[in-house]
Structures are given as structure tokens and as C-alpha cells.
Amino acid sequence: MKNNMFANIPATIPTEIFESLIQTDTIKIERIISKGQQSAEGYWYDQDQAEFVLVLQGQARIQFETHTVDLNAGDYLNIAAHQKHRVAWTTPTEETLWLAVFY
């Protein structure tokens, strides 16, 4: 079945939206939609799987324990398993659309 990454984006996004697109025992692919959301103060992701994340639209800032990385549309990161990180900022005036692959 055909789908579109830019389709069916809600008009309001009070909380970040996580949509599983494909999931198996070894891989998960998600569409994430943010609009001004960020990780809770003091919260760090510490995941068992590596994560490849691509910003398709909007802007974001990922904070690691030692540095931050600003992401614009088209930018991507590969985050190693157990590399602590958090979303420090996403664009509040437009949707930030992410593609995340956990492997």
C-alpha cells in the first residue's frame, strides 16, 4: 500500500507524534512529528538499539552529554546504542518531520 511521509499531518500537535511505519524483531522505522516539543528537562534517551535519524522538514537540536548538533531539513545522524541524547529543541512555528530507523 502506498503512503506519503508528508500526508495526514494534524493541524495541531500538542504532543510529539510517534508512528511506527515498519517493525520487525530487528528493525523499527518511525515517522516522528514535532512542533516545539523537546525532551523533558533532565531526561536522556539511552536506547538498546542504534538510531539513524533524518530530518525531512523543519529544524531540531539534539543534545549529547558533551555537545549539541543542530539539524536542518536533509540532515541526518547515526546515534550509537546507549549514546545518551535528548531533543533539546524543535521548531515551534512549523512541523519538524523526522524519519527514525532503530536497528
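Data block above holds the structure.
Read on for an overview of the structure. Worth saying up front: this structure is predicted, and the values here are computed from it rather than measured.

The rules we used
- Residues numbered from 1 in each chain as written.
- Predicted model: local features only at pLDDT ≥ 70, side-chain atom pairs only at ≥ 80, totals over all residues.
- Heavy atoms only, no water.
- 1 Å grid on protein atoms, 1.4 Å probe; cavity = no way out; pocket = protein on both sides within 12 Å on 5 of 7 lines; lining within 4 Å.
- Points joined across faces, edges and corners; volume = space filled by probe spheres on them.
- Helix = DSSP H or I, 4+ residues; strand = E, 2+ residues; numbered from the N terminus.
- Nonpolar A, V, L, I, M, F, W, Y, C, P; charged D, E, K, R; others polar.
- Polar contact = N/O pair within 3.5 Å; in protein donor to acceptor, adjacent residues only side chain to side chain.
- Contact = heavy atoms within 4.5 Å.
- Pairing = 2+ DSSP bridges.
- Axes fitted to C-alpha atoms, helices over the stretch in contact; angles between N-to-C directions.

**A word on the layout of surface pockets**
Considered as a void within the structure, the largest pocket measures approximately 200 Å³ in volume. F18, I32, Y45, E51 and V87 are, among the 15 residues lining the largest pocket, the residues nearest its centre. Per-element accounting of the lining of the largest pocket gives the leading share, three residues, to strand β8 (residues 96-102). The residue makeup of the lining of the largest pocket, split by class, is 10 nonpolar, two polar and three charged.

**Considering the side chain of E30**
In this fold, E30 is placed in strand β2 (residues 28-34). Here the side chain of E30 touches K28 through a polar contact of 3.5 Å, side chain to side chain. Discounting residues that sit within four places of it in the chain, E30 has contacts with F18, E19, S20, L21, W98, L99, A100 and F102.

**Brief notes about the sheet that holds strand β5 (residues 68-72)**
Read from one edge of the open sheet, three strands run β5-β4-β7, paired in antiparallel fashion. Edge positions in the sheet fall to β5 and β7 (85-90), since each of these pairs with one other strand and no more. On average, each strand axis in the sheet is tilted by 25° relative to the strand beside it, whichever way the strands run. Relative to β5, strand β4 (residues 59-64) runs antiparallel, the two being bridged by five bridges. Following the sheet pairing, Q63 is matched in β5 by T68.

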